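# Survey of secondary and tertiary structure
Here is how the chains run, residue by residue.
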Amino acid sequence: LEARQLFEEAMGKAPGSDEAFEARLLLADLEVEAGERPEREVLDALERMYASDHLPRHQRAKLAKRLGDLARGEHTCPRAITWYEETARLLPSLGSEAAYRIASCHEELGDLDEAARWYRRIEEPPWRVRGLLAAAKVLERQERAAEAEAIYEQLAHEPIPEARVVEERLAAIQEDIKLNR
């Protein structure tokens, strides 16, 4: 109840502001979580909001990302991919995050080659490291140990919080390679 009041207050004070826009998105999430509105109804309302011409470009990009997340939640990855591509087109600064989400959709669809390709093309932090780790894991699942090892080797030389995970996976792959020779 308190969150709802804060969101409604933000929307009432400055209806066209970024804060009001974010509050509208959060309120939609709250309504779904509370069971007040079906997710499909919220998705339709957000799609109508997107279709209107009154949103600035950065808000349209954030809304496209949210629509992608909702489509993915409904297990409609092709639709989610379209929304994530739209996100990156509208706001290139969200491109790396969108690419990561596109890659994870391909992974969910079982297209591991395409997932690895998308994960590997991510260039901006923090999504780059996440993408490379995900690509290496996908390559391991495909029994492409040498390619996964090369990614872990690359990451092992970087000062990243995930260093321990990288070292563990690299050691495991190298052990597997020794056992299989």
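These numbers were taken from a predicted model, which means no experiment stands behind them.

## A short note on the packing of aromatic side chains
Taken as a whole, this structure holds three aromatic pairs when the rule is applied. An angle of 50 degrees between the planes, with centres 5.4 Å apart, marks the rings of Y100 and W127 as tilted. Taken together, the residues Y100 in helix α6 (residues 95–109) and W127 in helix α8 (residues 127–141) connect sequence positions 27 residues apart. Classification of Y100 as partly exposed rests on a relative accessible area of 22%. You can call W127 buried: its relative accessible area is 18%. Ring pairing ties together the aromatic residues Y100, Y119 and W127, which thus form one cluster. The ring centre of W127 lies 4.5 Å from the NZ or CZ of R130, which sits over that ring.

## So, the environment of E47
Assignment of secondary structure puts E47 in helix α3 (residues 39–51). Along the chain, E47 and A136 lie 89 residues apart, while their C-alpha atoms are 35 Å from each other. Every residue in contact with E47, bar those within four places of it in the chain, is listed here: R40, L67, R79 and W83.

## Quick word on the packing of helix α1 (residues 2–13) against helix α2 (residues 18–33)
Each pair of packed helices gets described by two things: the angle between the helix axes and the distance between those axes. Close contact between α1 and α2 brings their axes to 8 Å; oriented N to C, the two are set at 150 degrees. The angle between α1 and α2 places the two elements in the roughly antiparallel class. The chirality of how α1 crosses α2 is left-handed. Along the contact surface, α1 presents A3, R4, F7, E8, A10 and M11, while α2 presents E19, A20, A23, R24, L26, L27, L30 and E31.

## Observations regarding α3
Spanning 13 residues, α3 covers 18 Å between terminal C-alpha atoms, matching the ideal 18 Å at 1.5 Å per step. All of the buried residues along α3 are V42, L43, L46, E47, M49 and Y50. End-on view of α3: buried residues confined to an arc of 155 degrees, all on one side of the axis. Every exposed residue of α3 that faces more than 90 degrees away from the buried side is listed here: R48 and A51. Buried-residue contacts for α3 involve α2, α4 (57–73) and α5 (77–90).

Thresholds, definitions, all that
- Residues numbered from 1 in each chain as written.
- Predicted model: local features only at pLDDT ≥ 70, side-chain atom pairs only at ≥ 80, totals over all residues.
- Heavy atoms only, no water.
- Phe/Tyr/Trp six-rings, centres within 6.5 Å; stacked < 30°, edge-to-face > 60°.
- Helix = DSSP H or I, 4+ residues; strand = E, 2+ residues; numbered from the N terminus.
- Buried < 20%, exposed > 50% of the residue type's maximum accessible area, 1.4 Å probe, protein only.
- Lys NZ or Arg CZ within 6 Å of the ring centre and 35° of its normal.
- Contact = heavy atoms within 4.5 Å.
- Axes fitted to C-alpha atoms, helices over the stretch in contact; angles between N-to-C directions.
- Parallel < 35°, antiparallel > 145°, perpendicular 65-115°, else oblique.
- Left-handed = near helix turned anticlockwise from the far one by under 90°.
- Expected span 1.5 Å × (residues − 1).
- Arc of directions from axis to C-beta.

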